[in-house]
Structure formats: C-alpha cells, structure tokens
Amino acid sequence: MGDNPSRSTDATAGGSGVTGRHARPAGTGVSPSSYQEPPIGGGGAPLQRKARFSMETGFRGLSVSAGAMVLVIIVAIAVFLISKAVPALQANTANFFTDTKWFPNDAQPNFGIAAIAFGTVLSSVIALIVAVPIALGIALFLSHYAPKRLATPLGFVIDLLAAVPSVVFGLWGRDVFSQPVKDFSVWLNHYFGWIPLFGGDGPFGRSILLGSLVLAIMVLPIVTSLSREVFQQTPGMNEEAALALGATKWEMIRTAVIPYGKPGVIAAVMLGLGRALGETIALALTLGTVFTISFNLIQTGGNSIAANIANTFGEANAIGRGALIASGLVLFAITLVVNMAARAIIYRRREFRDSAA
Amino acid sequence: MAKRIEASNVTSYYGSFKAIDSISMTVEPKTITALIGPSGCGKSTFLRSINRMHEVLPGARIEGRLTIDEQNIYDPDVDVTAVRRLIGMVFQRPNPFPTMSIYENVVAGLKLNGVKKKSVLDDAAEQSLKSANLWEEVKDRLGRPGAGLSGGQQQRLCIARTIAVEPQVVLMDEPCSALDPISTLAIEDLMFKLKDRFTIIIVTHNMQQAARVSDKTGFFSIDKTGEPGRLIEYDDTQKIFSNPSQKKTEDYITGRFG
C-alpha cells in the first residue's frame, strides 16, 4: 500500500521523460535554450528525486479523511441513538421485542415493536411483490423493445416520478387513491374472502393494501431506472451470441440480458426495499395506525416503525422519545440485515462476475 | 449433413448505405471457404447476411436471394431462429456468456431449443468439447466460469457452443484475430477436423490463414470509402494465391494494395 504514491510519482516523471525524449530529436535546435529540461536517460545526470509533498500525498490524505468521516458520523449517530434508547428500554415494563402495544408515555411505560416492525416488513414486501415485476417489465421494454425515440422520453418520465416528494404520494394516496383501493378491497373481500389475506368484515380503506400500493408506486421508478441501466450494459456480443444460437428475442433476454443484469437488479430491488422500509410520511398518511399483528391486507389497519415515529413523536415525553428512537434502531437493524443479505446474494457468484470484467 | 449455400445478387444495406453490392457465390458442402479483403469491404456484412444476423442491426436490410440447399433463407415464412440454428456463427472476439459455467455455455443453445434431459445435455457437452479440442483442458472444471478461460480456449468454447446445436454451416467472423499464434493454430487444426461435418465459411484478414485452411477463397474489395463492397474474384484457393485472374486480387495478396 505504502509504495503506491511513490510509484505513481515515478510514473509521472517517466511520463514527462517520454515526452521529452520524443521532442528532442526533432526539436533540439528549435527549442529555446532557456528551457531547462532534465536530461532523461543517457544524460548522465542523477535521477530526479521524489517530491516530498505533492498532489499525490495531498489527495491521498483528502480521500482517507473523507472515508474516515463516514465512520465518525456513523459512530456518532449510533452513540446518540443508543444513549437515548437505553433509559426508555430500562423503564419499559413489557417485552420490547414481542409486545404489540405502544404506550411509552404512561406512568408505567409498556411498549413493544412487534406490531409496527411486522407492519413495516409486511407493507414493504407487498410493495416489492407488486412493484418489481412491473419495474422489470418497464426496464426491459425501455432497454430492448421500445424504439429509441419512445424510450428516451419514457425513461425521463420514470425518473421524474422518482423525484416526486413522498408527502405528495401520501396525500394523493389518502385523498384520491384510497377510494378505488377501497372498492377493490370490497371486491376482493366479496370473491376472495375465504383467503385470510382478504377476509374480515371491514371497514376497508386505510389498510396495508393501500399503504403497500402507494409504496409500490414510489419504489417503481428507482427499481425501473436502475434495472434499465443494468440491462442496457449487457455486452452486445453476448446478445448476438444468443441470437446466433437461434434464440428469439425473449430467449436472448433470458439467456444473456437477465443473468448479466441480475446482481444489478438485486441491488436495485434492495435500494427500493430500503426506501420502502424507511418510508415515513406516505405510510403515516395512508395506514390505519393500529397496533396489532394481522395478515389481513384490506381491513383498516397496519402501521410501520417510521410512520409510528412521525405520528407519535409530537406528543411523546422523554421516555416516549427514547422508545421511538429504540424502534428506529430496530428499523436500522432490519435495513442492515436486508442489505447484507443482498450483498451475500451478489457476492455468491462473484467468481463469474469478476471473470466477466 | 452439411449443406450448400447459394447467394445470388445479394445486396445489403445499413439504412440508406449500401454495404455490399450483388454478391453471387456458391459454397459447396463440407468445404472451407475463406473471404478475404481490406477492412470495410463488406466481408463480415456478407457473412452476417447468410445467417440473417445482419438484420439484427436497426435499419439493416438485404436484397437478392440466399438459399441453403434450395430453401430460401429470406422467405417471409421462414422462422429466423431456424435459420440461425442451421447456420451457426463464431464471432471475432470470444463471447462466452459471462454468467455461465463452461458446461452451461456449451449447452446454452440446446437449452434454448428445449432440450432438458441431463444425460442428453451431458453427452452433447462432452462431444462438442471434444470436437472443439477443448475437452482435455476443461473436463475437470466444467463448473468454472467460461469467461475464466484463456482467449484461445474461450474461442474454442464458443465453437463448441456453436456446434453443440448441430448446425449445417458454421460461419466464422475473423475467429483468430484476437488470438495468439498458438491458439490460432489450434483453431485452424480444429477447422480441418470440422470440415468433415460442416460447411465452413471464414472471414479472415490473415492471408496465410486463408491459404492454409481454405478450399476456395473469395476476394472482396471496394473502390473507395463509401462505395459498396464487391466480390472481385472467387476461385480455388490454390489459384487465387498462385495465379489470380484479376489484377486487384494479385495486388492485394502480394501486399501492393489494402
């Protein structure tokens, strides 16, 4: 590691030397005599000494400190969160991990993240189940099927969708989208009520389904746009190889494009999941804020960690805030696990990816 | 098994640009035909027209008639994937699928054609790799990535992948241009071996290679940049390289032009 900068300094010196050597034969007589160039090779002069301080060292320091800053910030946040959360957890009279109630502001604080953690994961997973197939379909359409003059503006519109603030999605979901979802819920309940997911007697409306669908719409552009990038990077020669073997376009996509893009698509899905898990305001506006664990998707209900923080932070006392921070730590842990799982999937076939590069 | 390819007045376009102009030639079964000529003279375009890979590029189209054993390749009713299964192709740069193992690469074409039975795939993989003179080198590491092989091995892997689907004709688009001389020799040996089973058409910039491997040679040329490529002379390799009938051909093979 340590010899890297010096090696590149040498390389720089060597580089100028090459230029000098090239210039010399043609221009020895022409070049102004005042311009002193160190003789390179054959000149007999000692080799140029390595500069003690240079851009190399400066830039190295800059990048090292930038890297270190990330660690400092993460540690600082962790210390702050844990110091706030611990007193609340000590005051808690219920089991933090298994209890579903959330009464941290009582004289006898009792709260647990089971219900809201469950709601967070459930709404995010449903959002992904809805969004990912659509997103991949759009991405493949944009990268391989759409004519260029359609793909470019459509891609732009997708990117625009990613830029819409989540509060807008939340309000739209609450005021506009909730009615059709409610009608759809009633329909689902009528015909598929025998499936526990769609059972219950109502009321329907501000349900996990509504929250998840709004989340799906928010996650869609991220997954689409990243997947499209990845699919577009498939080497043309691999696509041709598949076609030359007698593949149809769809078979070519299955043989060459999708396997090649898989790690990137997983990364895109995980980014989408990260957004869904952490999404606050849109879920605070669309979920029913109920502290129960239920797989029923269509009855009014559902809650998530982030939405709960947004909804109850205002009227929380010191213990209440600590409890919310503790729930935030759990959310952080969930996101971490998801990300590590994604990395594990991507690295599992690293041998293949590296040799491809 | 191998089939005859007949081209009459084949003209290929990229959009409005005419890349080759009325090429006519007949390629006999179980022969090796070399296409030589300066860069940009349309050799590859003609080669890609034969298995309809030309039309993959946007705006590309073709006029004239191309047949394989009397069947029109460009008949509107013909399934393009059937044409490509019949006429396989090896590309200039080795292009194994980077996400697949050696084994998966070889059987990729068979899987595309719906072959699922493990024993059939295993047999085909072994046979194809043996035919491609690669089996001994890779038999112990079939599960390793195909892209991890050396360039020459990768190209032989691509040849194995191409012949695994048992085509009638194998097109090779400068298959050795990215390879070192020893790997090149290995591919040339392989071509002699494959000649017993397949009709081979090879585009090459290496005239020694054309002289060494081919039975017949076609010389393509252009008058100047922007003009379409033409087939100047097409004859037995022996004759092309010893006593060409066209002045242009002689200039090219003796290195005075191109």
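Rules used in this analysis
- Residues numbered from 1 in each chain as written.
- Chains lettered and ligands numbered in written order.
- Predicted model: local features only at pLDDT ≥ 70, side-chain atom pairs only at ≥ 80, totals over all residues.
- Helix = DSSP H or I, 4+ residues; strand = E, 2+ residues; numbered from the N terminus.
- Buried ≥ 20, exposed ≤ 12 C-beta atoms within 10 Å, placed from the backbone.
- Contact = placed C-beta atoms within 7 Å.
- Core = buried A, V, L, I, M, F, W, Y, C linked by C-beta atoms within 7 Å.
- Pairing = 2+ DSSP bridges.

1. Considering the overall build of chain A
Then, number 1: Secondary structure summary: chain A contains twelve helices and two strands in total.
Then, number 2: Starting at the N terminus and walking to the C terminus, you meet the elements of chain A as α-α-β-β-α-α-α-α-α-α-α-α-α-α.
Then, number 3: A buried classification covers 35% of the 357 residues belonging to chain A.
Then, number 4: Long-range contacts, defined here as pairs at least 24 residues apart, represent 73% of the contacts in chain A between residues at least 6 apart.

2. Concerning the nonpolar core
One broad trend across soluble globular proteins is that nonpolar side chains are buried collectively.
Then, number 1: Formed by 152 residues in total, the largest nonpolar core has its most connected members in Val219(A) and Val223(A).
Then, number 2: Residue contacts for Val219(A): discarding those within four places in its chain leaves Ala127(A), Leu128(A), Ala131(A), Gly272(A), Arg275(A) and Ala276(A).

3. A word on the environment of Asn72(B)
Residues and elements named next belong to chain B.
Then, number 1: Looking at where Asn72 falls in the secondary structure, it is placed in strand E5 (residues 71-72).
Then, number 2: Measuring from C-alpha to C-alpha, the distance between Asn72 and Tyr252 comes to 33 Å, with 180 residues separating the pair along the chain.
Then, number 3: When near neighbours in sequence (up to four residues on either side) are disregarded, Asn72 contacts Arg65, Thr67 and Val78.

4. Description of the environment of Glu315(A)
Then, number 1: Structurally, the position occupied by Glu315(A) is in the loop between helix H10 (305-312) and helix H11 (318-348).
Then, number 2: Along the chain, Glu315(A) and Ser294(A) lie 21 residues apart, while their C-alpha atoms are 26 Å from each other.

5. Description of unusual backbone geometry
Residue and element names in this part refer to chain B.
Then, number 1: Within the chain, Lys30 stands out as a residue other than glycine whose phi angle is a positive 55°.
Then, number 2: For Lys30, the position within the fold is in the loop between strand E2 (17-27) and strand E3 (32-36).
Then, number 3: For Lys30, a count of 16 C-beta atoms within 10 Å gives the class partly exposed.
Then, number 4: The phi angle at Asp69 is positive, at roughly 45°, despite the residue not being glycine.
Then, number 5: Take Asp69: it is sitting in the loop between strand E4 (60-68) and E5.
Then, number 6: By the C-beta count within 10 Å, which is 12 here, Asp69 ends up exposed.

6. Focus on the interface of chain A and chain B
Then, number 1: Every contact between the two is made by 19 residues of chain A and, on the other side, 22 residues of chain B.
Then, number 2: Contributions of two or more residues to the side of chain A that touches chain B are made by helix H7 (236-244), helix H8 (249-278) and helix H12 (350-356) of chain A.
Then, number 3: With six residues, the top contributor of residues to the side of chain A that touches chain B is H7(A).

7. Brief notes about the environment of Arg65(B)
Residues and elements named next belong to chain B.
Then, number 1: Looking at the secondary structure, you find Arg65 in strand E4.
Then, number 2: It is 8.1 Å that separates the C-alpha atoms of Arg65 and Glu6, two residues lying 59 residues apart in sequence.
Then, number 3: Not counting chain neighbours up to four residues away, the residues in contact with Arg65 comprise Ser8, Asn9 and Asn72.

8. Thoughts on the pairing of E2(B)
All names here are of chain B.
Then, number 1: Pairing between strand E1 (residues 5-14) and E2: seven bridges, direction antiparallel. In the sheet register, Val10 faces E2, and the bridge partner there is Ile23.
Then, number 2: Turn length for the E1-E2 hairpin, with the two strands adjacent in sequence and antiparallel, is two residues, and the turn residue Gly15 shows positive phi of about 60°.

Read these as geometric descriptors, not functional statements.
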